Amino acid sequence: MTSERLRGAALPKRFRRDQSGATAVEFGFVAMPFFALIFAIVEISLTFFTNQVLETAVQDAARQIMTGQSRSNNSSTAANNTQMANFKSLICAKINSAFIDCTKLQVDVETYTTFAAANTGEPIAGGKIAWTPGYQTGNPGDIVVVRAIYPMPTYTNFYGVGLANLSDGTRLLMATAVFRTEPFK
């Protein structure tokens, strides 16, 4: 009986020295924050990449307006809607990305008299998109602001902290081009 008692007393000492599962337990504590950080880094990278793709497409498409190739000569609403749809499809053709759903892309083209009067702000009010897109390309020498917005879905919102800036949990990406049109005829 004495030898069994000694073995029983040695069991807690052996248990304290045994390190075989310590790594798995420690990784279990760190795994969730580690993977959350990895997913957040990937999502931020995709957001920056998608925003840059949108910026490049808007800059390239805005060149059509700057040179007068995409000018709205007609003041009728139907003609402007058709030209806006054509301009939007021009942007979508330049995007060619799996990250942007062109059905959610909105485009606004406005003409201003001075650069100071140009509206280049984000159209967010109360956590929602608040704007009425238009299509006014103006005349030669006018100041034109082309804005395109895209509500990108976000996935890594932890404890109320995330990339979303709209109340529906999406991130509003916006690309802007401000320029004076060339003296076209």
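Preceding this paragraph is the structure being described.
Counting of residues starts from 1 at the beginning of each chain's written sequence and follows it residue by residue. Per-residue local features are limited, in this predicted model, to residues with pLDDT of at least 70; the limit for side-chain atom pairs, both in listing and counting, is 80 or more; totals at the level of whole chains, interfaces and linings are taken over all residues. Remark: hydrogens and water are excluded; side-chain values derive from all non-hydrogen atoms of the structure.

Engineer: Just to check I follow, could you spell out the overall build of the chain for this structure?
Structural biologist: Only runs of H or I of at least four residues qualify as helices and only runs of E of at least two qualify as strands under DSSP, and these elements are numbered from the N terminus. Within the chain, the regular secondary structure consists of 3 helices and 5 strands. Reading the helices (α) and strands (β) of the chain from amino to carboxyl end gives α-α-α-β-β-β-β-β. Here, residues are in contact when the closest pair of their heavy atoms is within 4.5 Å. For the chain, contacts bridging at least 24 residues in sequence account for 76% of all contacts bridging at least 6. A total accessible area of about 11,800 Å² is found for the chain, and carbon and sulfur atoms account for 58% of it. With residues, only the protein chains shown are counted as cover, and all accessible areas are computed by Shrake-Rupley using a 1.4 Å probe.

Engineer: Teacher, can you tell me more about the nonpolar core here?
Structural biologist: Side chains that are nonpolar tend, in soluble globular proteins, to be buried together. Residues enter a nonpolar core if they are buried and are Ala, Val, Leu, Ile, Met, Phe, Trp, Tyr or Cys, with the set joined through side-chain atoms within 4.5 Å. Here's how the labels work: a residue is buried when its accessible area is under 20% of the maximum for its type, exposed when over 50%, partly exposed in between, all with a 1.4 Å probe on protein chains only. Counting residues in each nonpolar core, the largest one holds 26 residues, and the members touching the most others are Leu 54, Phe 87, Ile 91 and Val 146. Secondary-structure elements contributing two or more residues to this core are helix H2 (22-66), helix H3 (77-95), strand E1 (106-112), strand E4 (143-153) and strand E5 (170-180). When residues in this core are grouped by element, the largest group, 7 residues, is from H2. Not counting residues up to four positions away in its chain, the partners in contact with Phe 87 are Ala 61, Ala 62, Ile 65, Ser 70, Val 107, Val 109, Tyr 135 and Val 146. Grouped together as the second largest cluster of nonpolar side chains are 5 residues, Trp 131, Ile 149, Leu 166 and Leu 172 included.

Engineer: So what exactly am I meant to see when it comes to H2 here?
Structural biologist: Note on helix geometry: an α-helix contains 3.6 residues per turn, so any two residues three or four positions apart are oriented the same way. Here the expected span of a helix is defined as 1.5 Å times the quantity of residues minus one. Taking 1.5 Å as the rise per residue, H2 with 45 residues should run 66 Å; its terminal C-alpha atoms sit 65 Å apart, in good agreement. The quantity called bend is, for any residue, the angle between two axes fitted respectively to the seven residues ending at it and the seven beginning at it. In the structure, H2 departs most strongly from a straight axis at Val 30, where the bend amounts to approximately 45° and where the proline Pro 33 lies between one and four residues downstream. Just downstream of H2, Gly 68 is the residue with a positive phi angle, here 85°.

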